[in-house]
Amino acid sequence: MRRTASAVPRLRARRALVAAGALIGAILAVLLAVAPAAEATTSPSPGPSQSQFQNSISGFLRNAGQPLQGVKITAEGNGFSGSTTSSASGAWTISVPTQGSYKVTLDESTLPQGIKLADGQENPRTVTFSQTSNASTIFAFGAGIQVHQESFFTNLANRLVAGLSFGLLLALSAVGLSLIFGTTGLTNFAHGEMVTLGAVVVFSTSAVGVPFWLAILAGLAAGIAFGYVQDAFLWKPLRRRGTGLVPMMIVSIGLALASRYVILFFFGGATQQLPYSQSTDIDLGVVSISPNNLWSLLISVVVILLIAFALLRTRLGKATRAVADNPALAAASGIDVDRVIRLVWVTGGFLAALGGILWAYYRPGVSFNMGQQLLLMIFAGVTLGGLGTVFGALVGSIVVGIFVELTTVFGLTSDLKYVGALVVMILVLLFRPQGILGRRERVG
């Protein structure tokens, strides 16, 4: 039986509503599966009088590898004063009402007999929040240990390495976003929640006793599933309806907000730590780097090289570049455009989840809005390199990462270092809108 012309729009609208409902249901299903883990935490528990605050200052007290219990720590600032004592594992946390700068003092009279702070160790010290709801600080102990101020060149070398590490993990998410933009033209504001989901699932699954390596696989699988579900039940139906890019961008903003607060409802607003997030730096000559950052750097390089090889040498990679260059011509050449776009969404979800996991170790910490905090840096990297160009996103992200870290060497406070990347993005849009590797195009 033929459908009337008036029935077709109603049918399409009904399908779009069903698609949106299925997508939200999938997000709820993933979070319900790991919801009990939100109650668990690998971070030290705050005191009862401070438990209502979401921001916190934390650390671990250890001497020669042994935890120090019962040591008193005090934090003061912004009209607040609070204190706590270290637990049996040496962990301590003080929840504070607002972000900002706080004076943190260790009461040396509460240290075990025979143990003292290392020579040159700053006490009290100022701790400042930077793009996170948790600020960490470490006190060094031990006779014969001296804490020296870094020279300018040593600090510069360390910031360069940190910037390269940050830029590469930023590139993981930026490459996925650039692939999606290149093949569909969509500016996906929900990409930040794809970043968050990977880290949240890793924490939640590991907190309920799942082996760490399996939790990592679960986080990556969640990113892949989220990317697949988005395209299959939301973006593909909208593309078939001929929905414009601006309405689709607005839909992505709504999806981002909905996903973020669903994660907040199940995961909570506190910043949690992934397993093995606390580690001692490794000295490599003049450069010191934590094992987590070193692994992050190596993993990012390997994954990006594999993505580059796939795009340049495999049939699917060449088909992806063809779709990004001209979808209509690619379809006329026999390429299944929808299949390529589905693959791009799956790859983008995988890269975003991996970037979120590595970002949780770089910060360190997992929070419900971590992807939102990283999203503007991702956009800055993609814009600087050139919209829709994968290798441009890689170059732009590395430049942004190094620039962000180097600004602190030249006197910019850590709270403002991310602002510099956004200033760079604005300048690029003003003077070279196509980016570093983008192509100049005629409009009209």
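**A word on the sheet that holds strand β7 (residues 101–106)**
Sheets are built from strands that pair by backbone hydrogen bonding, the pairs being arranged parallel or antiparallel.
Reasoning step 1: The strand order β5-β4-β7-β8 describes an open sheet built from four strands, whose pairing is antiparallel. Each of the sheet's edge strands pairs with one partner strand only, and the pair in question is β5 (80–85) and β8 (125–128). The sheet shows a mean angle of 25 degrees between the axes of neighbouring strands, taken without regard to direction.
Reasoning step 2: Relative to β7, strand β4 (residues 72–77) runs antiparallel, the two sharing four bridges. Each bridged residue has a counterpart across the sheet, and for I73 the counterpart in β7 is L106.

**Focus: the sheet that holds strand β9 (residues 134–136)**
Reasoning step 1: Read from one edge to the other, the open sheet built from three strands follows the order β6-β1-β9, with strand pairing classed as mixed. Edge strands, defined here as strands with exactly one partner in the open sheet, are β6 (91–96) and β9. Going from strand to strand, the sheet's axes swing by 20 degrees on average, the running direction of each strand aside.
Reasoning step 2: Pairing between strand β1 (residues 55–60) and β6: six bridges, direction antiparallel. Bridge pairing in β6 places G59 opposite W92.

**A word on unusual backbone geometry**
Reasoning step 1: Across the junction of N123 and P124, the peptide omega takes the value 0 degrees, indicating a cis bond.
Reasoning step 2: Along the chain, P124 falls in the loop between β7 and β8.
Reasoning step 3: The backbone of N78 sits at a positive phi, close to 55 degrees, despite the residue not being glycine.
Reasoning step 4: Here N78 is to be found in the loop between β4 and β5.
Reasoning step 5: Using a relative accessible area of 47% as the deciding quantity, one classes N78 as partly exposed.

Quick notes on the rules
- Residues numbered from 1 in each chain as written.
- Predicted model: local features only at pLDDT ≥ 70, side-chain atom pairs only at ≥ 80, totals over all residues.
- Heavy atoms only, no water.
- Pairing = 2+ DSSP bridges.
- Helix = DSSP H or I, 4+ residues; strand = E, 2+ residues; numbered from the N terminus.
- Axes fitted to C-alpha atoms, helices over the stretch in contact; angles between N-to-C directions.
- Buried < 20%, exposed > 50% of the residue type's maximum accessible area, 1.4 Å probe, protein only.

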